[in-house]
Amino acid sequence: MLEISLLLLKMHRFLLFVLQLTLLCPMASNAYDPDPVDSLRNDLAKATDVNEQILLHLNLFKRLQRKAPDSSQLHLKQAVLFSRKAVEDSILGKVHVAQIQDHLTNDRYDSVFLYVAKALDKFESLSPQGQVDTYTMQGVAYYYRSEYAKAITSHLQAEKISTLHKMEHGKAQVLNNIGITYIKLEDWPNAEKYMMQSLTLCKENNLKRGISYTLGNLGIIYKNQNRFQDAIDAYVESNKVFQDLGDERGIARNYDNLGTLYEELKNYPKALEYYQQSLKKSRIAQDQSAMASALHNLGNLYVKQDNFAKAIKNYSESLRIAQEQDYKDAIRNNYLGLAEAYEKNGELARALSSRKLYEQWKDSVANKEHLESISELEIKYQSEKKEKSILQLSEEKLKAEIAMAKQDMKIRRLSVGLVGAIIVFGLVFVIFRQRSKNQKQKDLIHAIADTQHAERQRISQDLHDSVGGDLVLTKSKLLHLHENTELHSQELQEAISSLTKTAEDIRQISHNLMPAELVKFGLVPAIEATLDQLKDTELDVQLYAHEMDNRIDSTKEIYLFRIFQEIVQNVLKHAKASQLNIYLNRHKNHMNLMVEDNGVGMKSDSKRGMGLANITSRVEHLKGTLNIDSVMGKGTTMNIQIPL
């Protein structure tokens, strides 16, 4: 019991920490005042210069990110589309900065680093604000990937630029981010120092959103220093600013944090009030993460108040949201909360089940203490069963009619339970057998695919070395005969032409089966050779390759090339696109292939054809991941990540 309570407290503190840190990203925007969206739209309707149109689209993208995300995305896509025309480097750099912001907001960190590299290629043409934003967002991406040294390096670059150009807005944001990194490292004195510097700059420059988020982060620092009243004051002051801004999401999260503070101070009525207010505000803001946290914290509070029915209800609702949104930490923590609530409520079988589910969701293998906790719960469960049996034996001394009635009821329940257990066991057996069968089928498909690749290579080599060589030799003899005899008949000339065409066809078939560039030089030259064949089409194709100087495993090269071919064929057949961008980005432990087109897109529920099935199968064979982002009328992005 003590172990479960301690774990709940640790998870409780972790949730508070994570929730507040997610407030970092909005500070990347400098738009703290009401947005003049209508005025910008009027200017856009009148604009004729392509550079001016791009800048207006980018401005609308930033200002509509919160209010109307779909419209915001449309303006960004328009800016990217216009930027493909001849524009100034400074304009193109701003487009890349906006792309960084878009991918960071959507947690696509590989793409963030890709567009950071593009922006830094135009570094000299970027404005000081663009330079600060690029390094700042790179630092945020490193932070969320737990690469803290790189995060600090990026933020220090941003701080250097903002200091050089006396950019108080950017410097406040950078100091806040450095403070957050120290929070993650639990260096509370340094965290407070940087946060206070950030808060001072925000107040001096009336950066209201910056003030509210920095105060919230100070609340975390004060709480971990056991300065509870300072933490409460910081959250209350932060909420006053959020109320001025009409930010329901920020208010909800601050209420949740205030609830945890009052709970630690054992002021349960006040804690309950703030948790309920947080839940109400997060529902208005449709903030699923904050809703899950508030419900979980309500469950914790009700356990402390011995109201186990309400605790179970709140944990269960929080678990449902967490499962829908795939919040892994919240799923794990809710199972832990349910284990304690069920145990205290006397539902030991459910407690054991929830505890085992919690163990399954843990990131690391269960240690000895956890295993002992499960064993202790099982012993307690078995002991209670024995106590119930003793109680039933004593009840046999009661009147015969009552004893018989209870015995009948017991038999009926046991029968129902037995039937249920048999059904469950049968379903588990069927599912297990089907999964085993599916795995065997996948293994067979992958083995066939490997055999096909090997056979393609063999046939390609035979065609090139044997058949191709014979045709070239025969053609050479005919040409010699044609040049050194008086036989200059039309039939001989036609035979030579036919032989030439056949040799070229054999060469092309051999190349399609296994491109020579792929075998000799690697993936990038093979892709470039394929793209050269599209020069005469209406499709504008660009290839961006990073860190691809060294070759990777030959099997992975072949599979990635086939995946690339399949995607290009799909674009040519179905997308009706005018622009195709291919990005190859090699990291330390994985390879990233991303293909973007501006075609007609595809519905998420549309039937997937053989081409997409082949792509999916090959990605699975390489133990990779495939993400498809498609909007009807706006294009499709396929993002593939393969471990190296």
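Residues numbered from 1 in each chain as written. Predicted model: local features only at pLDDT ≥ 70, side-chain atom pairs only at ≥ 80, totals over all residues. Heavy atoms only, no water.

**Overview of unusual backbone geometry**
- Positive phi, close to 60°, is recorded for Glu 186, a residue that is not glycine.
- Within the secondary structure, Glu 186 sits in the loop between helix H9 (168–184) and helix H10 (188–204).
- Overall, Glu 186 belongs to the exposed group, its relative accessible area being 58%. (Helix = DSSP H or I, 4+ residues; strand = E, 2+ residues; numbered from the N terminus. Buried < 20%, exposed > 50% of the residue type's maximum accessible area, 1.4 Å probe, protein only.)

**Re the confidence of the model for the chain**
- Mean pLDDT over the chain stands at 77; residues scoring 70 or higher make up 70%.
- Contacts of residues 363–391 to residues separated by more than four positions or lying in other chains number 29 contacts, the stretch itself having pLDDT below 50. (pLDDT = per-residue confidence, 0-100. Contact = heavy atoms within 4.5 Å.)

**Re a negative patch on the surface**
- On the surface, Asp 43, Asp 49, Glu 52 and Glu 88 cluster together into a negatively charged patch.
- Along the chain, the position of Asp 43 falls in helix H2 (residues 37–46). (Patch = residues over 30% accessible without salt bridge, like charges linked within 9 Å, V, L, I, M, F, W, Y side chains within 5 Å. Areas by Shrake-Rupley, 256 points an atom, 1.4 Å probe, with all protein chains shown as cover. Salt bridge = Lys/Arg side-chain N within 4 Å of Asp/Glu carboxyl O. Lys, Arg positive; Asp, Glu negative; His and termini not counted. Charge placed at Lys NZ, Arg CZ, Asp CG, Glu CD.)

**Notes on the nonpolar core**
- By size, the foremost hydrophobic cluster in this structure holds 89 residues, and its most contacted members are Ile 100, Leu 104, Val 112, Ile 183, Ile 221, Leu 258 and Leu 261.
- Take this core: its biggest share by element is 8 residues, from helix H15 (residues 288–304).
- With residues up to four places along the chain from it excluded, the contact list for Leu 104 reads Tyr 109, Val 112, Met 137, Val 140 and Ala 141.
- In terms of nonpolar packing, the next biggest core, distinct from the first, is built from 35 residues, Leu 539, Ile 552, Ile 567 and Val 619 among them. (Core = buried A, V, L, I, M, F, W, Y, C linked by side-chain atoms within 4.5 Å.)

**Remarks on the sheet that holds strand S4 (residues 625–631)**
- Spatial ordering of the open sheet is given by S1-S2-S3-S5-S4, a layout of 5 strands whose pairing is mixed. Lying at the two open borders of the sheet, with one neighbouring strand each, are strand S1 (540–546) and S4. The average undirected angle you get between the axes of adjacent strands in this sheet is 10°.
- Packing of helix H23 (residues 523–532) onto the sheet brings it into contact with S1 and strand S2 (579–586), and relative to S1 it is tilted by some 175°. (Pairing = 2+ DSSP bridges. Axes fitted to C-alpha atoms, helices over the stretch in contact; angles between N-to-C directions.)

**Points about the packing of aromatic side chains**
- Counted according to the given criterion, the structure contains 9 aromatic pairs.
- Each ring, one from Tyr 213 and one from Phe 242, has its centre 5.3 Å from the other, and the planes form 70°; the classification is edge-to-face. Here the residue Tyr 213 occupies a position in helix H11 (residues 208–224), and Phe 242 occupies one in helix H12 (residues 228–245), the gap between them amounting to 29 residues. Phe 242 shares its class with Tyr 213; the two are buried.
- Through a chain of ring-to-ring contacts, the aromatic side chains of Tyr 115, Tyr 544 and Tyr 583 assemble into a single cluster.
- In this structure, Lys 118 packs its charged tip against the face of Tyr 544, placed 3.9 Å from the ring centre. (Phe/Tyr/Trp six-rings, centres within 6.5 Å; stacked < 30°, edge-to-face > 60°. Lys NZ or Arg CZ within 6 Å of the ring centre and 35° of its normal.)

**A few points about helix H5 (residues 89–105)**
- In this model H5 runs 24 Å from its N-terminal to its C-terminal C-alpha over 17 residues, within 8% of the 24 Å that 1.5 Å per residue would give.
- The element H5 is largely enclosed, with a buried count of 13 among its 17 residues.
- Looking at the residues trailing H5, positive phi occurs at Asp 107, about 60°. (Expected span 1.5 Å × (residues − 1).)

**Some words on the pairing of strand S5 (residues 635–643)**
- Burial analysis of S5 places 7 of its 9 residues in the buried class, which makes it a mostly covered element.
- One ladder, built from 8 bridges, connects strand S3 (residues 590–597) with S5; its direction is antiparallel. Along S5, the bridge assignment pairs Met 594 with Asn 639.
- Pairing of S4 with S5 involves 7 bridges; the strand directions are antiparallel.

**Some remarks on the side chain of Asn 639**
- Mapped onto the elements of the fold, Asn 639 is located in strand S5.
- Those residues within four positions of Asn 639 in sequence are excluded, and the remaining contacts are Ser 111, Asn 592, Leu 593, Met 594, Thr 625, Leu 626 and Asn 627.

**Quick look at the pairing of S2**
- Counted residue by residue, S2 has 7 buried out of 8 residues, so it is predominantly covered.
- The pairing of S1 with S2 spans 7 bridges and is classified as parallel. Bridging from a neighbouring strand, Asp 540 pairs with Gln 579 of S2.
- What joins S1 to S2 is helix H24 (residues 554–575), and the crossover it makes is left-handed.
- Connecting S2 to the antiparallel partner S3 that follows it, the hairpin turn spans 3 residues. (Right-handed = clockwise from strand over helix to strand, strands pointing away.)

**Some words on the pattern of salt bridges**
- In the structure shown here, the tally under the stated rule is 20 salt bridges.
- Its salt-bridge partner being Glu 317, residue Arg 283 comes within 2.8 Å of it at the nearest N-O pair. Here the residue Arg 283 occupies a position in helix H14 (residues 268–285), and Glu 317 occupies one in helix H16 (residues 308–325), the gap between them amounting to 34 residues.
- Accessibility expressed as a relative area gives 23% for Glu 317, which makes it partly exposed.
- If you follow the salt bridges from partner to partner, you end up with Glu 192, Arg 227 and Asp 230 in one network.

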